[in-house]
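# Chains, contacts and geometry: an overview
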Amino acid sequence: MHCRFVAASILAFLSFSGTAMAGECAGNPDALGTSRVLSIDPAEFQRLGTIQYKQTLPLDDHEVVLTFDDGPIPPHTDKVLDVLAAECVKATFFVVGEMARAHPAVLQRAYREGHTIGTHTEHHARLDRLSADKAEKEIADGFASAAAVLGDKNEVAPFFRFPYLDHTGAVEDRALKMGLSLWSADFHGSDWTFITPEKVTALALNRLEAQKKGILLLHDIHDRTAKALPVLLRELKKRGYRVVQVVPASGAVAKIEEKPGTTSPKTEQAALAKPDEKAPANTEQAALATPEKESAEKPKQWAPASIDQKNQKNADGVWHTHVKRRKTASAKGGDPFQNFFRALWRQ
Ligand SMILES: [Zn+2]
């Protein structure tokens, strides 16, 4: 068991107040801080997040868990890390394997600064469209890539989030057999849509205020998110919210083997990493967005990178995958909850 998770578990056991933690934040006595560390056993917390599941984290009122998907990528992930460091806030990063291999130093920094590292497949694949075997490989490869960059698979938390939050029951079963805790979210900031940082902050806060606690989903690959974060964290502090970091319980590791030959010393891996031409699609499942009005910028419905896509770099330097709207997402059956919101968006 990796010592960092053990240390975190001890801290979780001891528990401490947010004030004490914030008081320890160098150079920022008024920092938001991390109020406590919550260690969870994936066997007990298999599915998390009320967007899709009945179960979520056992948080108290005014507790929030910050999660960031789709990175790492410079400079956006670095900016997010800067903001988190300034406030002494710890988050969970659900990283994409190919992104980790392309930007190992950024992932290593996130790890080094004490954040929890979960995974998000190797290629940000839409797992509901793959066979169970291929989906399992996507999950395993993503985990192995992160493990290779960090030098040890025990450095990677057995926390997983489905790209676009999409999956089938068969794939979910495979992921659970791999010992993973499946993270959806309780709310998000719509930060994959073309809205302003101010709007991201407002949406995230409004949704948090509606539930008073929960898992917030954001993306560290967007400039708007990095720009939204300082104000968001200040507002959390002002409104009396406390940030909780989640780590795996002692001994909880994914049942995923490292790829032979992929694990190497961190710095060597960083030097050897070859930037990948591709980047993952930059969005989560727009169909799962809450059905509230979000100005005229209704999130697009995204399709996997393999079909009808045209990648282009946006002004912020991030690859955006533009795809044609899917016609009959719900015709294949699937989750009634997802189909309901898909139907809403088609209206
Ligand atoms: Zn994603």
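Described below are features of the structure shown in this document. All of these numbers come straight from a predicted model, not from anything done at the bench. (Residues numbered from 1 in each chain as written. Predicted model: local features only at pLDDT ≥ 70, side-chain atom pairs only at ≥ 80, totals over all residues. Heavy atoms only, no water.)

## Considering the nonpolar core
One recurring pattern in soluble globular proteins is that nonpolar side chains are buried together. Worth spelling out the cut-off: Residues belong to one nonpolar core when they are buried, are Ala, Val, Leu, Ile, Met, Phe, Trp, Tyr or Cys, and are joined through side-chain atoms within 4.5 Å. Exposure classes here rest on a 1.4 Å probe applied to the protein chains alone. A residue is buried below 20% of its type maximum, exposed above 50%, and partly exposed in between. Secondary structure elements are taken from DSSP: a helix is a run of H or I of four residues or more, a strand is a run of E of two residues or more, and numbering for both begins at the N terminus. The contact rule is simple, with two residues in contact once any of their heavy atoms fall within 4.5 Å.
Ranked by size, the top nonpolar core spans 56 residues in total, and within it Leu66, Leu84 and Phe93 carry the most contacts. Here this core gets eight residues from one element, more than from any other, and that element is helix H6 (residues 132-150). Not counting residues within four places of it along the chain, the set of residues in contact with Phe93 comprises Phe68, Thr77, Val80, Leu81, Leu84, Ala110, His115, Thr116, Ile117, Gly118 and Asp220. With 18 residues, the next largest nonpolar core counts Leu59, Val65, Trp183 and Val246 among its residues.

## Describing unusual backbone geometry
Note that the residue after Gly71, namely Pro72, is joined by a cis bond; omega there is 0 degrees. In this structure, Pro72 sits in the loop between strand E3 (63-69) and helix H3 (76-86). Of note, the amide linkage connecting Pro74 to Pro75 takes the cis form, showing an omega dihedral of 0 degrees. Along the polypeptide, Pro75 turns up in the loop between E3 and H3. Even without being a glycine, Asp70 presents a positive backbone phi close to 85 degrees. In this structure, Asp70 sits in the loop between E3 and H3.

## A few points about the pattern of salt bridges
Rules: By definition, a salt bridge exists where a carboxyl oxygen of Asp or Glu is found within 4 Å of a side-chain nitrogen of Lys or Arg.
The final tally for this structure, using the stated rule, is 20 salt bridges. For Arg109, the salt bridge goes to Asp82, with nearest N and O atoms at 2.6 Å. Pair noted here: Arg109 is in helix H5 (residues 104-112) and Asp82 is in helix H3, with a separation of 27 residues, a long-range link. Classification of Arg109 as buried rests on a relative accessible area of 14%. By relative accessible area, which is 41% here, Asp82 ends up partly exposed. Among the ionic pairs, Lys212 bridges to Glu209, the shortest N-O distance being 3.0 Å.

## Some points on H5
Across the nine residues that make up H5, a large majority, seven, are buried. At the C-terminal side of H5, Gly114 shows a positive phi close to 95 degrees.

## Some points on the state of the cysteines
Put simply, the rule reads: When two cysteine sulfur atoms lie within 2.5 Å, the pair is treated as a disulfide.
Counted under the stated rule, the structure contains one disulfide. Here Cys25 connects covalently by a disulfide to Cys88, the sulfurs 2.1 Å from one another. In this structure, the disulfide formed by Cys25 and Cys88 twists by about 90 degrees around the S-S bond and is classed as right-handed. Separated by 63 residues along the polypeptide, Cys25 in the loop between helix H2 (18-23) and strand E1 (36-40) and Cys88 in the loop between H3 and strand E4 (92-95) bring together distant segments of the chain. The exposure class assigned to Cys25 is buried, which follows from its relative accessible area of 4%. On the accessibility criterion, Cys88 (24% relative accessible area) is partly exposed.

The quantities given are spatial measurements derived from coordinates; they are silent on function.
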